Structure formats: structure tokens, C-alpha cells
Amino acid sequence: MAVEIRQKKMLTRLRKSEQPISGSRLAREFGVSRQIVVQDISALRSSGISILSTPKGYILQQQPGVSKVFKVYHEDDKTEQELNLIVDLGGEVEDVFIYHKVYGEVRAKLGIDSRRAVREFCDALQAGKSSPLKNATAGFHYHTIRAKDKETLSCIETALREQGYLAELRDYEPESIREEDGESRIRTIHP
């Protein structure tokens, strides 16, 4: 397994766990040595991901609150408006990701929690030769949005719906963003 793929899968494994996972267990699950796990965790930390080392193993450091994945759609010229709507209502846009039928899930950490951060992000997009990740999937993409409580997430969801940004989940989309009833997952995060 390629290093980048293993690290991505290791991060996914940590994201799904509410309890610390020992380095030995990760080593067994990924068929590598304990030292390789230490190197992978170090590389993930270097990329800006907060992973805590505890006596019982590794766990992602989470801020208190709740988070929810929203599937959204819009044209390039609406990116700033969509992000401002979220932060103005008290949300943080943790990431953007797409689910591509060929490439699978492609994710980028954002950490956008203010209008200033929105402006910097949009300026960086305009200054570069790259286009937004959503363009690989005809404008459809997902955001993990964090807020202090479920009521704030509900306000954000209502505003996204009213502005026409929300998109319906399809059967082929990843199970990781669904609950059994088909709705997008809300996750409570404790410090």
C-alpha cells in the first residue's frame, strides 16, 4: 500500500473512532511496523492535523461542539457567498471534499471560521491556476461544518436550503456521511 493511501486510511480510521487507538493496533490493521505508524502519525501532524498521543493510543483532537456534513452545489462565483453565509451564522467550514466515481473521496482541510478567512481562501483561489475541488464533480461537493450546538447547525442548514445550495444525497454516495435513515450525520464532539 502506498504511503499516502495508508496515511489517508489511517486518518479515516482515527476520524471514525471515539476512543484512542493504540499504535500496535494500527500497525496490525495496516500491516506495517509500529515505527511506520509513528512516522505516519508524524506526517499527518505535519500536515496540520491535530492528533493526540495518549497512554491508550492516538486520537484526533476535537473542539467541543457538533459537526455535520452538508452536500452542496453552486457555481464558482457563489463560493464566497456560500462560505460567508456559514461563518456569519456561527459555523466553521472544517473541510471540503468530493466523492468522485473514479477517484473516490478527495478531501482538503479548510478551517474557515471568519469572513477574513473566507476572503483569504477566495483570493488564493483567484490568484492560482487551480480551480475549486468541486469542479471535478460538476459543482457538487461536501463540507463538514462545525458549530457550538445543533440549533446553530439547523440555522445553517435552513439558510443553505433557502439560498439553493443544498443538494440531495444519492444512493452511490459514501455511507460515512449517512445515518441509517439516509440523513446527513450530526456528530457531537466533546473536548
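Just so you know, these numbers come straight off a predicted model, no measurement behind them. (Residues numbered from 1 in each chain as written. Predicted model: local features only at pLDDT ≥ 70, side-chain atom pairs only at ≥ 80, totals over all residues. Heavy atoms only, no water.)

1. A closer look at the overall build of the protein
- Helix and strand content of the protein: six helices and seven strands.
- Mapped in sequence order, the helices and strands of the protein form the string α-α-α-β-β-β-α-β-β-α-β-α-β.
- Against the globule reference of 16 Å for 191 residues, the protein gives a C-alpha radius of gyration of 17 Å, in line with a compact fold.
- By principal-axis analysis of the C-alpha atoms, the protein measures approximately 50 × 40 × 35 Å.
- Looking at the 191 residues of the protein, the share that counts as buried comes to 40%.
- Taking all contacts inside the protein whose residues are at least 6 apart in sequence as the whole, residues at least 24 apart take part in 71%.
- Accessible surface, the protein as shown: approximately 11,300 Å² in total, 48% of it carbon and sulfur. (Helix = DSSP H or I, 4+ residues; strand = E, 2+ residues; numbered from the N terminus. Rg over C-alpha atoms; globule rule 2.2 N^0.38 Å. Buried < 20%, exposed > 50% of the residue type's maximum accessible area, 1.4 Å probe, protein only. Contact = heavy atoms within 4.5 Å. Areas by Shrake-Rupley, 256 points an atom, 1.4 Å probe, with all protein chains shown as cover.)

2. Considering the environment of Ser-131
- Relative to the elements of secondary structure, Ser-131 occurs in the loop between helix 5 (115-127) and strand 6 (140-147).
- Taking C-alpha positions, Ser-131 is 8.6 Å from Asp-76, a pair spaced 55 residues apart along the chain.

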